[in-house]
Amino acid sequence: MPLPSQMHDDIPATPVIPEIKPVGLGLPESVVARINQILPKPMDPIEQSKKFAAYKAVDNHVKPEDRVIGIGSGSTVPYVVDRIVQQGEEVNKGRVFIPTGFQSKQLIVEAGLTLGDVDQYPTIDVTLDGADEVDHALNCVKGGGACHLREKVLAEAAKTFILVADHRKNVEYLGTNFAPGVPIEVVPFAYAKVLQNLHHILGSPKATLRMAIKKAGPVVSDNGNFIIDAPFSREYMLDPYVIMAQIKMLTGVVEVGLFCKMAKAAYFGNPDGSVTIRDLEGHTETIKAEET
Ligand SMILES: O=C[C@H](O)[C@H](O)[C@H](O)COP(=O)(O)O
């Protein structure tokens, strides 16, 4: 079984096979259509970049000796699990994996990995998680999928907390690309009071209760709570710790989706296949596509 440090250059590139054109081959169109249907399709560039970021992060931070591993939520996390599985049965059979919600629990179970919970394992070796946006100082917004309460518990429980995302999440200031605002988990009976506080006291006049799409009524988190999305202007996001602490003080708020300087490093996949790594000390490194 290769060690993570030996696995840097074996990410298979997706073969780009051009579609067959019916003209000139003399094949019926239906046959051509069927052939084109079964040819492997090139991976979407955003998916590719998520995969490269996740693979690189796992290679650098999930070491054979790590026994308790936190698995976060979001669209990049399946690639994290994928790469961990590639480390082999031998190393994974001695490990336990802690999910941040329904999605990651399913990923762990479907991958045949051992499931645990943070109340059994309050110290985690390393947690890898997605993000909605990450700023220049490694503050981030999380909770676009309503998982930020459990995510923050797993981030705090971890000796090392690592973020993985595609390049669209790599911003100077929070709120640049992620428009809905800061996700805030609230106990249901307090939501109207907290909304009022946000509108009139804390400077988020457009804060709204997150509504479900394929269900009448609000989104309900894995913990049975509601989610408020509160956009704040740039001045609040210059140092998001201050507004994070103020929101957290509102009675009825369970957790705020602002993670301030909790991550040791963030990995961003770029469209050209390179990966940009930023760390808490302010170092930035971009690993060339051929080295990812
Ligand atoms: O609640 C969800 C989490 O914080 C996700 O990690 C975050 O929303 C990013 O998700 P995605 O990669 O799907 O944009």
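Each chain has its residues counted from 1, following the order in which its sequence is written. Per-residue local features of the predicted model are confined to residues with pLDDT of at least 70, and side-chain atom pairs are confined, for both listing and counting, to 80 or more; whole-chain, interface and lining totals are unaffected and use all residues. Only hydrogens and water are set aside when side-chain values are computed; all heavy atoms of the structure are taken into account.

In the nomenclature of an unreviewed UniProt entry, the protein is known as Ribose-5-phosphate isomerase of Hypholoma sublateritium. Of the comments in the UniProt record for the protein, the one headed Catalytic activity (unreviewed entry) reads "aldehydo-D-ribose 5-phosphate = D-ribulose 5-phosphate". UniProt positions are given in the numbering used here, feature names are shortened, and annotations may be inferred rather than shown by experiment. Listed in UniProt under the heading Sequence similarities (unreviewed entry), the comment for the protein reads: "Belongs to the ribose 5-phosphate isomerase family."

Caption draft 1: Region of the structure containing the pairing of strand S9 (residues 226–230). Here the term buried applies to any residue with accessible area under 20% of the maximum for its type, exposed to any over 50%, and partly exposed to those in between, with areas from a 1.4 Å probe on protein chains only. Counting from the N terminus, the helices are DSSP H or I runs at least four residues long and the strands are E runs at least two residues long. Within S9, five of the five residues are buried, which leaves it mostly tucked inside the rest of the structure. For two strands to count as paired, DSSP must find a minimum of two bridges between them. Pairing geometry for strand S8 (residues 208–209) and S9, over two bridges, is antiparallel. Within the sheet, the bridge partner assigned to Thr 208 lies in S9 and is Asp 229.

Caption draft 2: Just the domain arrangement of the protein, in detail. Once the domains are mapped, the protein shows domain 1 (45–173 + 260–291) and domain 2 (182–258). By the convention used here, residues are in contact when the closest approach between their heavy atoms is within 4.5 Å. Counting from both sides, the interface comprises 17 residues of domain 1 and, opposite them, 20 residues of domain 2. Once two parts are joined, some of their accessible surface, as seen by a 1.4 Å probe, is lost; buried area is that loss totalled over both. Between domain 1 and domain 2, roughly 1500 Å² of surface is buried when both sides are summed, and carbon and sulfur atoms account for 59% of that area. The partner of Lys 152 in a salt bridge is Glu 255, and the shortest N-O contact between them spans 3.0 Å. Polar contacts here mean pairs of N or O atoms no more than 3.5 Å apart (in protein, one a potential hydrogen donor and the other a potential acceptor; neighbouring residues in sequence count only if both atoms are side-chain atoms). Seen at the junction of domain 1 and domain 2, the total is 11 residue pairs in polar contact (both at pLDDT 80 or more). Of all elements in the fold, only strand S5 (140–141) and helix H6 (148–157) reach the threshold of two or more residues within the side of domain 1 that touches domain 2. Among the elements that line the side of domain 1 that touches domain 2, the one with the most residues is H6, at four residues. Delimitation of the domains relies on an automatic or database domain assignment. What makes a salt bridge here is a side-chain nitrogen of Lys or Arg within 4 Å of a carboxyl oxygen of Asp or Glu, nothing more.

Caption draft 3: Summary view of the sheet that holds S5. Reading across from one edge, S4-S5-S11 is the order of the three strands in this open sheet, with antiparallel pairing throughout. Edge strands, defined here as strands with exactly one partner in the open sheet, are strand S4 (133–134) and strand S11 (258–259). Bridge count between S4 and S5: two bridges; the pairing is antiparallel. When the bridges of S5 are listed, Glu 133 appears paired with Val 141.

Caption draft 4: Layout of the sheet that holds strand S7 (residues 182–186). Pairing is antiparallel in the open sheet, where four strands are placed in the order S8-S9-S7-S10. A single partner strand is all that each edge strand has here, and the edge strands are S8 and strand S10 (253–256). Where helix H7 (residues 191–200) meets the sheet, its contacts fall on S7, S8, S9 and S10, and the angle it forms with S9 comes to roughly 10°. Inter-axis angles, ranging from 0 to 180 degrees, are taken between N-to-C directions of lines fitted to C-alpha atoms, where helices are fitted over the stretch in contact. Each of S7 and S10 touches helix H9 (residues 240–248); the most contacted strand, S10, lies at about 165° to it.

Caption draft 5: Highlighting unusual backbone geometry. Positive phi is not limited to glycine here, since Leu 138 has a value of about 70°. Structurally, Leu 138 can be placed in the loop between S4 and S5.

Caption draft 6: Structural context of the site of the ligand. Throughout this document, a residue counts as near a molecule or strand when at least one of its heavy atoms sits within 4 Å of that molecule or strand. Neighbouring the ligand are 15 residues, the closest being Ser 73, Ser 75, Asp 132, Gly 143 and Glu 151. Within the backbone of Gly 130, an N or O atom sits 3.5 Å from an oxygen atom of the ligand. Backbone polar atom of Gly 143 to an oxygen atom of the ligand: 2.8 Å apart, as the coordinates give it. Protein contacts shield 86% of the accessible area of the ligand, which totals 370 Å² for the unbound molecule. The classification used treats Ala, Val, Leu, Ile, Met, Phe, Trp, Tyr, Cys and Pro as nonpolar, Asp, Glu, Lys and Arg as charged, and all other residues, Gly among them, as polar. Counted by class, the shell around the ligand contains three nonpolar, seven polar and five charged residues. Accessible areas in this description were obtained via Shrake-Rupley with a 1.4 Å probe; residue shielding takes into account the shown protein chains only.

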